[in-house]
Amino acid sequence: MKIIRQIDVFEKSSDYIFDEIEIKKFDLEAIKLLITNSKNDPLLYNGYKIEGKLRAYFEKNGYEFFPEKYDYFLCCYQDNNSLKSK
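All chains use their own residue numbering, which begins from 1 and follows the written sequence. Residues qualify for local features only when their pLDDT is at least 70, as the model is predicted, and side-chain atom pairs are given and counted only at 80 or more; totals for whole chains, interfaces and linings, by contrast, use all residues. Side-chain measures here rest on the full set of heavy atoms in the structure, leaving out hydrogens and waters.

Quick notes on the side chain of Asp 41
Here a helix means four or more residues in a row that DSSP labels H or I, a strand means two or more in a row labelled E, and each is numbered from the N terminus. Examined against the element boundaries, Asp 41 turns out to sit in the loop between helix H1 (28-32) and strand S3 (48-49). Exposure is judged per residue with a 1.4 Å probe applied to protein chains only, and the accessible area is read against the type maximum: over 50% gives exposed, under 20% gives buried, and values in between give partly exposed. This count recognises Lys and Arg as positive and Asp and Glu as negative, with His and chain-terminal groups excluded. For this document, the term salt bridge refers to a Lys or Arg side-chain nitrogen within 4 Å of an Asp or Glu carboxyl oxygen. Within the buried core, Asp 41 has no salt-bridge partner, and the shortest N-O distance to an opposite charge, that of Arg 5, equals 6.9 Å.

So this is what it looks like as C-alpha cells:
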C-alpha cells in the first residue's frame, strides 16, 4: 500500500473539485510543525486547509495558489493498486 499526498483544489463558486496535485516530495515532519492539531493526527491522514504558514511553506517549494478563486486542502489517500499480485 502506497500513501499518496496531494493538494485538492476546489472552486470557491461551486465547491467542485477542480484539480488534484500530487506532492512528490512530502516532508511529514516539517509539515507537522505547521499544523496545529498534528499531535492528534501524527501521520496527517485528515484533510487540512492550506492557508497561512502551510501555504507559505508550499509556495516556498514551488507551488502556486490563487486563493481568490480556489480553496486548497492537503489530502491523503492510499493507493491500493500498488498491492497487485505478481
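Focus: the pattern of salt bridges
Under the defined criterion, the tally for this structure stands at five salt bridges. One salt bridge connects Lys 12 with Asp 71, and the closest N-O pair in it is separated by 3.0 Å. In this pair, Lys 12 is assigned in the loop between strand S1 (2-11) and strand S2 (17-22) and Asp 71 in strand S4 (residues 70-79), connecting sequence segments 59 residues apart. Across the salt bridge formed by Glu 59 and Arg 55, the nearest N and O atoms sit 3.0 Å from each other.

Some remarks on the pairing of S1
Strands are labelled as partners when DSSP assigns at least two bridges between them. Alignment of S1 against S4, held across 10 bridges, turns out to be antiparallel. Each residue of the ladder has a partner; that of Arg 5, found in S4, is Cys 76. Of the strand pairs in this sheet, S1 and S2 are connected by five bridges, and their pairing is antiparallel. When the bridges of S2 are listed, Gln 6 appears paired with Glu 22. Between the antiparallel neighbours S1 and S2 lie five residues, among them Asp 15 with a positive phi of about 60 degrees.

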